[in-house]
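# Structural description and commentary
Now for the letters of each chain:
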Amino acid sequence: MAALVLVVNCGSSSIKFALVNPEESEFVMEGLAERLGETEANLKWQINGTKESITLPPKADHKAALSHILPKVEKVAVAEGKLKAIGHRVVHGGESFTQACILEEDAIAAIRNTAALAPLHNPANLLGIEAAMKLFPSLPHVAVFDTAFHQTLPDYAFRYALPENLYTELGVRRYGFHGTSHRYVVEEAARLAGKSLENSGWLTAHLGNGCSTAAILNGESVDTSMGFTPLEGLVMGTRSGDVDPNLHSYLHRELGWDLEKIDHVLNKESGLLGLSGGLSNDMRSLVKAREEGHEGARLAIDVFCYRLAKSLAAMACALPRLDGIIFTGGIGENSVLIREKVAEHLVLFGVSIDEKHNQECVGGKAGTIHRLGSPEVWVVPTNEERQIALETLACAQKNK
Ligand code: ADP
């Protein structure tokens, strides 16, 4: 009987869930509850491609949504295998968590204590954890952290050049995010390449709405582009990535903007959206607009690719060897143009892309896209839910 894991990912007003058989990349069931806390809360899900949806009671919260989701999941799980555990995505584990852990009192308290570092995310993650634990008290619940994979960074990669007490007393350091995805794709690439992960060096680029790069040596993250928060590093859909830190005081002095306004602009109105003059944060739309001659779309794509290549080149400092560069996330898995343009900036590294293979690796197809003689360049579709399920099962079995 298949061992199944329910993966739950709670945002501030949404719950994404998937019923995963870790042996397979397709999900048994997946769904999304949206607009929680609003009058028009709803729930949609699909089982084997059949889609269904319901309206939730007005102002349904996380607990109410989960009380609709969990019986449906249980019914499917009973028919398809055995539900063994529930894996919860938790955004920030601070320095307390270097790997997935069973959710007991101590772990929940530590996640709560980390809330100051992720005020939008960790409290929402906790709402889901507490509700699911009440509804499924007899199953093991496991937390899988976005930050945990990057806890292997050396101090010279994770410390900022700031007064020491800001680190020791407030935890101001680089944490990195998207750890689940970086880990999943590097393990997949090593497997597909027939290489030993324990003896290899990779650069990964996770390019979704949020974007980050990482350097991974012998299976461990040794540097990554996101920092104290997911705002640092690359140009993203609506996030600026790196800007001069003095920009804050300048905007305050010149425009009278308060911190909330500046935060909002840098996180929600910048990145591809800002550079394209407000046209779109969505790469697909920008690629199309660029083809039609839209100047803002051209600029947004050029800045995105240049900054991404610069980040990969910088990440190379963390590696004594390079087995391959991996593209993943919606943009990395699908955009022939972005991969080609990034490679053009890495010509000094000898990177060169094969046009035909680049065009073939789209829509979920994994493979190599480099020319003979170039460092290897891989496209590897990410599957964060599957990685969470794998870590959840391993953790639950270890703690049996
Ligand atoms: P999230 O971070 O929300 O999981 P995804 O990994 O799904 O996001 O990535 C979303 C991004 O991928 C969007 O910018 C979208 O336009 C882009 N994308 C998806 N398909 C393509 C494509 N064919 N060409 C270019 N960009 C694409």
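Predicted model, so just to flag it, every value in this text is computed and none were measured.

Here the focus is the sheet that holds strand β9 (residues 201-207). What the six strands build is an open sheet, ordered β11-β10-β9-β12-β14-β13; its pairing is mixed. If you trace the sheet from one side to the other, it starts and ends with β11 (220-224) and β13 (367-368), each paired once. Summarising the sheet, β13 and strand β14 (residues 377-379) pair through two bridges and their orientation is antiparallel. Paired with Thr368 across the strands is Trp378, a residue of β14. Set on the sheet, helix α6 (residues 179-193) makes contact with β9, β10 (211-217), β11, β12 (324-328) and β14; between it and β9 the angle comes to about 130 degrees. Most of the contacts of helix α11 (residues 295-315) go to β10, to which it runs at about 20 degrees, and overall it touches β9, β10, β11 and β12.

Let's shift gears to the environment of Leu135. Looking at where Leu135 falls in the secondary structure, it is placed in helix α3 (residues 122-135). The residues touching Leu135, leaving out its near neighbours within four places in the chain, are Lys63, Leu66, Ser67 and Leu70.

Quick look at the domain arrangement of the protein now. According to the domain assignment, the protein contains domain 1 (3-145) and domain 2 (195-384). Look at where the C-alpha atoms of domain 1 and domain 2 centre, and you get two points 28 Å apart.

The next subject is the site of the ligand. All residues in the neighbourhood of the ligand are listed as Gly208, Asn209, Asp282, Met283, Arg284, Gly329, Gly330, Ile331, Asn334 and Ser335. One of the side-chain N or O atoms of Asn209 is found 2.8 Å from an oxygen atom in the ligand. Ile331 is positioned with one of its backbone polar atoms (N or O) 3.2 Å from an oxygen atom of the ligand. Isolated, the ligand exposes 580 Å² of accessible area, and the fraction of that covered by the protein chains is 69%. Mapped onto the shell around the ligand, the elements with two or more residues apiece are α10 (283-291) and α12 (329-334). Considered class by class, the residues forming the shell around the ligand number two nonpolar, six polar and two charged.

Below, the discussion takes up the sheet that holds strand β2 (residues 15-20). Spatial strand order, β5-β4-β3-β2-β1-β6-β8-β7: eight strands in an open sheet with mixed pairing. With partners counted over all chains shown, the strands left at the sheet margins are β5 (50-55) and β7 (101-102), one partner each.

Let's shift gears to the side chain of Ser221. Residue position: Ser221 is located in strand β11. Within polar-contact distance, the side chain of Ser221 engages the side chain of His150 at 2.7 Å.

We now examine α10. Three or more residues of α10 are buried, namely Met283, Leu286, Val287 and Ala289. Down the axis of α10, the smallest arc covering the buried residues is 165 degrees, so these residues share one side. Opposite the buried face of α10, by more than 90 degrees, sit the exposed residues Arg284, Lys288 and Glu291. On its buried face, α10 is in contact with α9 (271-275), α11, α12 and α13 (336-345). A distance of 3.1 Å separates the backbone nitrogen of Arg284 from a side-chain oxygen at the start of α10, and that oxygen is part of Asp282.

The pairing of strand β1 (residues 3-10) with strand β6 (residues 82-90) spans six bridges and is parallel. Considered in β6, the bridge of Ala3 is made with Lys82.

What follows covers the pairing of strand β3 (residues 29-34). Where burial is concerned, the two faces of β3 differ: the one with Met29, Gly31 and Ala33 is buried and the one with Glu30, Leu32 and Glu34 is not. In the sheet, β2 pairs with β3 via five bridges, with the strands oriented antiparallel. Considered in β3, the bridge of Ile15 is made with Ala33. Note that β3 and strand β4 (residues 42-47) share six bridges and pair antiparallel. The residue of β4 that forms the bridge with Glu30 is Gln46.

A contiguous patch of negative charge on the surface is contributed by Glu23, Glu24, Glu26 and Glu30. Note on placement: Glu30 falls in strand β3. Assessed through its relative accessible area of 31%, Glu30 is described here as partly exposed.

What follows concerns the packing of aromatic side chains. Here the structure, examined in full by the defined rule, presents three aromatic pairs. Just above the ring of Phe158 sits the side chain of Arg173; from NZ or CZ to the centre is 3.6 Å. One residue, Lys261, lies across the ring of Trp257, its end atom 4.9 Å from the ring centre.

The next point concerns the nonpolar core. Membership of the largest hydrophobic core comes to 41 residues, with the highest contact counts inside it found for Leu207, Met283, Phe304, Leu308 and Val342. When contributions to this core are tallied by element, the ones reaching two or more residues are β9, β10, α10, α11, β12, α13 and β14. The biggest single contributor to this core is α11, with nine residues. Aside from chain neighbours lying at most four places away, what touches Phe304 is Leu207, Cys211, Val235, Leu272, Met283, Ile331 and Ile338. Grouped together as the second largest cluster of nonpolar side chains are 29 residues, Met29, Leu36, Val76 and Ile86 included.

Conventions and cut-offs
- Residues numbered from 1 in each chain as written.
- Predicted model: local features only at pLDDT ≥ 70, side-chain atom pairs only at ≥ 80, totals over all residues.
- Heavy atoms only, no water.
- Pairing = 2+ DSSP bridges.
- Helix = DSSP H or I, 4+ residues; strand = E, 2+ residues; numbered from the N terminus.
- Contact = heavy atoms within 4.5 Å.
- Axes fitted to C-alpha atoms, helices over the stretch in contact; angles between N-to-C directions.
- Domains from an automatic or database assignment.
- Near = heavy atom within 4 Å.
- Polar contact = N/O pair within 3.5 Å; in protein donor to acceptor, adjacent residues only side chain to side chain.
- Areas by Shrake-Rupley, 256 points an atom, 1.4 Å probe, with all protein chains shown as cover.
- Nonpolar A, V, L, I, M, F, W, Y, C, P; charged D, E, K, R; others polar.
- Buried < 20%, exposed > 50% of the residue type's maximum accessible area, 1.4 Å probe, protein only.
- Arc of directions from axis to C-beta.
- Patch = residues over 30% accessible without salt bridge, like charges linked within 9 Å, V, L, I, M, F, W, Y side chains within 5 Å.
- Salt bridge = Lys/Arg side-chain N within 4 Å of Asp/Glu carboxyl O.
- Lys, Arg positive; Asp, Glu negative; His and termini not counted.
- Charge placed at Lys NZ, Arg CZ, Asp CG, Glu CD.
- Phe/Tyr/Trp six-rings, centres within 6.5 Å; stacked < 30°, edge-to-face > 60°.
- Lys NZ or Arg CZ within 6 Å of the ring centre and 35° of its normal.
- Core = buried A, V, L, I, M, F, W, Y, C linked by side-chain atoms within 4.5 Å.

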